[in-house]
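For reference, the chains in residue letters:
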Amino acid sequence: MAAYCVMAWVHGRVQGVGFRYSTQFEAKRLGVTGYARNLDDGSVEVLACGEQDAVEALITWLKAGGPRSARVESVLTEPHHPQREWTNFGIRY
């Protein structure tokens, strides 16, 4: 069975505050694979794949503001069909 995947773009004060690392910790806790990476526009891109309930829990966590030091203004999401299977949740540079 293919994993459920969502691509999310998180906007606000989300760079330089440990956002990617906190997202990685939460994703691993939930058993979600994929990645988080900073984008040039100051947002963070998150690819989340796994059981639908776990992916939705991560997206809910992102929308709730992520780590304390961050200030999330918006989270845009869309379904995603990756070209490869992810085996862990990494931080991309």
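All figures in this text were calculated on a predicted structure; none of them were measured in a lab.

Parameters at a glance
- Residues numbered from 1 in each chain as written.
- Predicted model: local features only at pLDDT ≥ 70, side-chain atom pairs only at ≥ 80, totals over all residues.
- Heavy atoms only, no water.
- Helix = DSSP H or I, 4+ residues; strand = E, 2+ residues; numbered from the N terminus.
- Buried < 20%, exposed > 50% of the residue type's maximum accessible area, 1.4 Å probe, protein only.
- Contact = heavy atoms within 4.5 Å.
- Disulfide = S-S within 2.5 Å.

A. Local environment of the environment of Gly90. On the secondary structure map, Gly90 appears in strand β5 (residues 89-92). Note on Gly90: relative accessible area 19%, which makes it buried. For the pair Gly90 and Lys28, spaced 62 residues apart in the sequence, the C-alpha separation amounts to 9.5 Å. Setting aside residues no more than four positions away along its own chain, Gly90 makes contact with Gln24, Gly34, Tyr35 and Ala36.

B. Geometry of the state of the cysteines. Counting across every chain of the model gives one disulfide. Sulfur-sulfur distance for the disulfide between Cys5 and Cys49 comes to 2.1 Å. Disulfide Cys5-Cys49: torsion about the S-S bond near 120°, hence right-handed. Of this pair, Cys5 sits in strand β1 (residues 4-13) while Cys49 sits in strand β3 (residues 44-50), and the two are 44 residues apart along the sequence.

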